[in-house]
Amino acid sequence: MRLGLIGFGNIATALLDLLARGGPLDHLAVLVLPGMEADARRRLEGDLAGAARSHAVVTDAAALLAERPGLVVECAGHAAAQAHVPAVLRAGVDVILVSIGALADPALEAALRAAAAEGGARLVLPAGAVGAIDLLSALGAGGGVKVRYRGAKPPAAWAGTPAAGMLDLGALTEARVFFTGTAREAATAYPRNANVAATLALAGAGFEETQVELVADPAAPGNVHEYTVASPLANYTIRIENRPSEGNAKTSATTIYSVLREIRNRLGPVAI
Ligand SMILES: NC(=O)C1=CN([C@@H]2O[C@H](COP(=O)(O)OP(=O)(O)OC[C@H]3O[C@@H](n4cnc5c(N)ncnc54)[C@H](OP(=O)(O)O)[C@@H]3O)[C@@H](O)[C@H]2O)C=CC1
Ligand SMILES: O=C([O-])CC(=O)C(=O)O
């Protein structure tokens with residue numbers, strides 16, 4: 001398999017480690033920010049030397065495409081999704097988009113849909129840190145879906161976000177709701193913490209109709225995603241207590257496994 005990665009942070013590193021357990025990739029191309037090439041090469045020739053038979057480090061989409069990836073995983077953030085993903089899709093290469101909250105920008109959502117159609121490629125939106133997206137998406141097609149989502153994380157996971165300006169995160173002794181609004185507002189204001197809100201919106205009731213609450217909770221048993229669905233076909237509530245990933249407390253470990261699942265489903269004889 002020839003894999004392209006946009007971003008070489010926590011998710012990318014852990015994903016490569018998991019993929020390498022099944023044997024080395026045929027080729028790996030990693031797109032990093034300008035100035036980070038030498039660091040990326042060092043890592044690919046050091047700890048990650050077994051991940052691929054050959055590798056390349058690039059800083060733009062044209063160079064990534066020149067490496068002829070069969071699949072690209074975006075795991076860098078909203079700005080990277082905007083900068084690089086349209087060209088990859090237009091070139092006919094499927095993309096697993098992890099920074100799904102980028103689609104809260106209607107212009108980018110339209111651009112990515114158009115690029116995928118033009119290139120005959122597929123934009124794959126993984127479940128990421130949440131679950132039961134299959135059911136929500138099925139119900140979404142039936143219409144009349146109402147979704148309420150509550151995302152709670154330990155205070156430290158909200159560092160560097162607007163929540164830090166509203167709360168004394170280090171001194172919290174009880175759970176505090178610091179945001180209520182639509183999925184579009186949540187995904188836009190919390191690009192590294194509310195991709196789940198966007199995933200639920202895209203699968204179910206849409207960005208304006210998906211109600212979101214974000215919570216800093218010193219007693220949270222991890223990153224907790226809880227949502228309730230009411231629809232003519234089914235009602236359900238699901239609560240997922242995620243362990244944070246080792247490399248980034250904002251990101252749940254399940255996100256990495258969700259991307260792994262998408263890749264395995266493309267390669268194996270059975271998709272589940
Ligand atoms: N769908 C879901 O459920 C979830 C989605 N996510 C999304 O996944 C993203 C990645 O998560 P994670 O790996 O934990 O985050 P990290 O911050 O560990 O990794 C992101 C990496 O991408 C780099 N980067 C930033 N901008 C660009 C760019 N324009 N081009 C290339 N590289 C870039 C960063 O560099 P630097 O550090 O120098 O900025 C960093 O190395 C999050 O930002 C979030 O949007 C996360 C969790 C759940
Ligand atoms: O990983 C998580 O728990 C969820 C997350 O950060 C997001 O929704 O962006």
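Residues numbered from 1 in each chain as written. Chains lettered and ligands numbered in written order. Predicted model: local features only at pLDDT ≥ 70, side-chain atom pairs only at ≥ 80, totals over all residues. Heavy atoms only, no water.

A. The overall build of the protein chain, seen in detail. Within the protein chain, the secondary structure is distributed over 10 helices and 13 strands. For the protein chain, whose C-alpha radius of gyration is 19 Å, the value lies close to the compact-globule estimate of 19 Å for 272 residues. Its C-alpha atoms give the protein chain principal-axis dimensions of about 50 × 45 × 35 Å. A total of 272 residues make up the protein chain; the buried ones form 51% of that total. Partitioning the contacts of the protein chain with sequence separation of at least 6, the portion at a separation of at least 24 is 73%. As displayed, the protein chain has an accessible area near 12,200 Å², and 52% of this comes from carbon and sulfur atoms. The averaged location of the 25 negative side-chain charges in the protein chain is 3 Å from the averaged location of its 23 positive side-chain charges. (Helix = DSSP H or I, 4+ residues; strand = E, 2+ residues; numbered from the N terminus. Rg over C-alpha atoms; globule rule 2.2 N^0.38 Å. Buried < 20%, exposed > 50% of the residue type's maximum accessible area, 1.4 Å probe, protein only. Contact = heavy atoms within 4.5 Å. Areas by Shrake-Rupley, 256 points an atom, 1.4 Å probe, with all protein chains shown as cover. Lys, Arg positive; Asp, Glu negative; His and termini not counted. Charge placed at Lys NZ, Arg CZ, Asp CG, Glu CD.)

B. Representation of the sheet that holds strand 10 (residues 223–230) within the structure. Taken in spatial order, the five strands line up as 8-9-7-10-11 in an open sheet, and their pairing is mixed. Edge strands, defined here as strands with exactly one partner in the open sheet, are strand 8 (176–182) and strand 11 (235–242). Taking each pair of neighbouring strands and ignoring which way they run, the sheet shows an average axis angle of 10°. Taken together, the seven bridges between strand 7 (residues 146–153) and strand 10 define a ladder with antiparallel strand orientation. (Pairing = 2+ DSSP bridges. Axes fitted to C-alpha atoms, helices over the stretch in contact; angles between N-to-C directions.)

C. Spotlight on the UniProt feature "domain: Aspartate/homoserine dehydrogenase NAD-binding" (unreviewed entry) in the protein chain. Feature annotation in UniProt places "domain: Aspartate/homoserine dehydrogenase NAD-binding" (unreviewed entry) on residues 7–126, given in this structure's numbering. With 44% helix and 16% strand, the stretch residues 7–126 has end C-alpha atoms that lie 16 Å from each other. (UniProt positions renumbered as here; feature names shortened; annotations may be inferred.)

D. Here's a closer look at the site of ligand 1. The immediate surroundings of ligand 1 are formed by 23 residues, with N10, I11, V98, N248 and T251 found nearest. S99 places a side-chain nitrogen or oxygen 3.0 Å from an oxygen atom of ligand 1. Contacts to ligand 1 include P191, whose backbone N or O atom sits 3.4 Å from an oxygen atom. Within the complex, 79% of the 930 Å² of free accessible area of ligand 1 lies under protein. Put simply, ligand 1 lies in the largest pocket. (Near = heavy atom within 4 Å. Polar contact = N/O pair within 3.5 Å; in protein donor to acceptor, adjacent residues only side chain to side chain. 1 Å grid on protein atoms, 1.4 Å probe; cavity = no way out; pocket = protein on both sides within 12 Å on 5 of 7 lines; lining within 4 Å. Sits in = over half its atoms within 2 Å of the grid points.)

E. Just the packing of aromatic side chains, in detail. Under the counting rule described, the total for this entry stands at five aromatic pairs. Summarising the aromatic geometry, the rings of W158 and F178 are spaced 4.8 Å apart at their centres and angled 75° between planes, so their arrangement reads as edge-to-face. Taken as a pair, W158 in the loop between strand 7 and helix 7 (163–166) and F178 in strand 8 lie far apart in primary sequence, 20 residues in all. We note that W158, like F178, is buried. (Phe/Tyr/Trp six-rings, centres within 6.5 Å; stacked < 30°, edge-to-face > 60°.)

F. Examining helix 10 (residues 253–267) more closely. The first and last C-alpha atoms of helix 10 sit 22 Å apart over 15 residues, in line with the 21 Å expected at 1.5 Å per residue. All of the buried residues along helix 10 are A253, T255, I256, S258, V259, L260, E262, I263 and N265. In this structure, the buried side of helix 10 is in contact with helix 1 (10–20), strand 4 (71–74), strand 5 (94–97), strand 6 (123–124), strand 12 (244–245) and strand 13 (248–252). (Expected span 1.5 Å × (residues − 1).)

G. Summary view of the nonpolar core. V85, L89, L136, F178, L214 and Y227 are the most contacted members of the largest nonpolar core, which has 60 residues in total. Looking at which element gives the most residues to this core, the answer is helix 9 (residues 195–203), with six residues. Among the nonpolar cores identified, the runner-up in size contains 29 residues, and L18, A52, V124 and I256 belong to it. (Core = buried A, V, L, I, M, F, W, Y, C linked by side-chain atoms within 4.5 Å.)

H. Local environment of the layout of surface pockets. Space inside the largest pocket adds up to approximately 860 Å³. Lining of the largest pocket is provided by 43 residues; of these, C75, A76, G77, S99 and R192 occupy positions nearest its centre. Among the elements of the structure, helix 1, helix 2 (37–45), helix 4 (78–90), helix 9 and strand 13 are those that each provide at least two residues to the lining of the largest pocket. Residue composition of the lining of the largest pocket, grouped by class: 21 nonpolar, 17 polar and five charged. Lining the second largest pocket are 13 residues, with L125, A127, I133, R261 and E262 positioned closest to its centre. Counting only elements with at least two residues in the lining of the second largest pocket, the list comes to strand 6, helix 6 (133–142) and helix 10. In terms of residue class, the lining of the second largest pocket is built from seven nonpolar, two polar and four charged. (Points joined across faces, edges and corners; volume = space filled by probe spheres on them. Nonpolar A, V, L, I, M, F, W, Y, C, P; charged D, E, K, R; others polar.)

I. Representation of the site of ligand 2. Taken together, 13 residues are adjacent to ligand 2, and K153, N195, V196, H225 and S252 come closest. V196 is positioned such that a nitrogen or oxygen atom in its backbone is 2.8 Å from an oxygen atom of ligand 2. Here an oxygen atom of ligand 2 sits 3.0 Å away from a polar atom, N or O, in the main chain of K250. Burial of ligand 2 by the protein chains amounts to 96% of its free accessible area of 260 Å². The pocket occupied by ligand 2, as judged from atoms lying within 2 Å of grid points, is the largest pocket. For the shell around ligand 2, the secondary structure elements donating two or more residues are helix 9, strand 10 and strand 13. It is strand 13 that contributes the most residues to the shell around ligand 2, three residues altogether. A class-by-class count of the residues in the shell around ligand 2 yields three nonpolar, seven polar and three charged.

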